[in-house]
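If you want the building blocks of each chain, they are given just below.
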Amino acid sequence: MLRQASRLLACRPKLAARARPFSTDLPAADQTADATFTEAWSKVIPNLDPPKTPLSFMQPRPPTPSSIPSKLTVNFVLPYASALATKEVDMVIVPATTGQMGVLPGHVATIAELKPGVLSVHEGNEVTKYFVSSGFVFIHANSFADIIAVEAVPLDQLDANLVQKGLAEFTSKLSSATTDLEKAEAQIGIDVHSALNSALTG
């Protein structure tokens, strides 16, 4: 009896995980939920406007096309600016923690963490490169990609002399560090400046 129960419990999560669709496979959200909430609100508090829900600020994603589109739609945002908004490109190459990852139209839905490195945006014969410090990329099944970075700068705006100077300073700090915190801070500085140097010389 116990043996059968353990077997059933072990199988149940697998069945649930198999049946669960990707979020990008779901149909675009409509405003039915908002309308129901607004109607209920007006019955309880008719003299006060209902609060805005997240759907009020979001544009629904287009449904997943039946065929692979010719372009990849990219949103590239920073905490303080939007570098690319619904930009149609041929391909992007992102510096994922698992390695350089190329994203083409029709890419499987994926979430990847970014490490310091070069983000390349390919549009025809033009290639625009950015250095990103960290972040995430969300690739949707409908050939949309959302890239969120903490910091990013066009590669042609980097100063090679300042990068070399910063690398030397953090290397010196690491050799003279006495605490784990100082060593960790110096190592982060070395990793970032090494990635900057590789981006400029690679």
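An account of the accompanying structure is given in this report. Remember, it's a predicted structure, so these values are computed and weren't measured experimentally.

**Quick look at the pattern of salt bridges**
Item 1. Scanning all chains against the criterion turns up 3 salt bridges.
Item 2. With a shortest N-O distance of 3.9 Å, E39 and K43 are connected by a salt bridge. Note that E39 and K43 are positioned in helix α2 (residues 32-44) at a spacing of 4 residues, about one turn of the helix.

**As for helix α4 (residues 180-201)**
One full turn of an α-helix is made of 3.6 residues, so residues set three or four places apart face in the same direction.
Item 1. Taking 1.5 Å as the rise per residue, α4 with 22 residues should run 32 Å; its terminal C-alpha atoms sit 31 Å apart, in good agreement.
Item 2. Within the sequence span of α4, burial applies to A186, G189, I190, H193, A195, L196 and A199.
Item 3. Looking at the buried residues of α4, the elements they touch are β6 (117-123), β7 (126-132) and α3 (160-176).

**Describing the pairing of strand β4 (residues 99-103)**
Item 1. Bridge count for strand β3 (residues 91-96) against β4 is 5 bridges, and the pairing is antiparallel. Within β4, the position partnered with A96 by the bridge is G99.
Item 2. Hairpin connection, β3 to β4: the antiparallel pair is bridged by 2 residues.

**A word on the environment of V108**
Item 1. Position of V108 among the secondary structure elements: in the loop between β4 and β5 (110-114).
Item 2. According to the relative accessible area criterion, V108 is exposed, its value standing at 54%.
Item 3. Between the C-alpha atoms of V108 and I139, which are 31 residues apart in sequence, the distance is 7.3 Å.

**Remarks on α3**
Item 1. Between the first and last C-alpha of α3 there are 25 Å, a value that for 17 residues agrees with the 24 Å anticipated at 1.5 Å per step.
Item 2. Those residues of α3 that fall on the buried side of the exposure criterion are V163, G166 and L167. Projected down its long axis, α3 shows its buried positions confined to an angular sector of 100°, all on one face. Projecting away from the buried face of α3 at angles above 90 degrees are the exposed residues N161, L162, K165 and S175.
Item 3. Along its buried surface, α3 packs onto α4.

About the thresholds
Residues numbered from 1 in each chain as written. Predicted model: local features only at pLDDT ≥ 70, side-chain atom pairs only at ≥ 80, totals over all residues. Heavy atoms only, no water. Salt bridge = Lys/Arg side-chain N within 4 Å of Asp/Glu carboxyl O. Helix = DSSP H or I, 4+ residues; strand = E, 2+ residues; numbered from the N terminus. Expected span 1.5 Å × (residues − 1). Buried < 20%, exposed > 50% of the residue type's maximum accessible area, 1.4 Å probe, protein only. Contact = heavy atoms within 4.5 Å. Pairing = 2+ DSSP bridges. Arc of directions from axis to C-beta.

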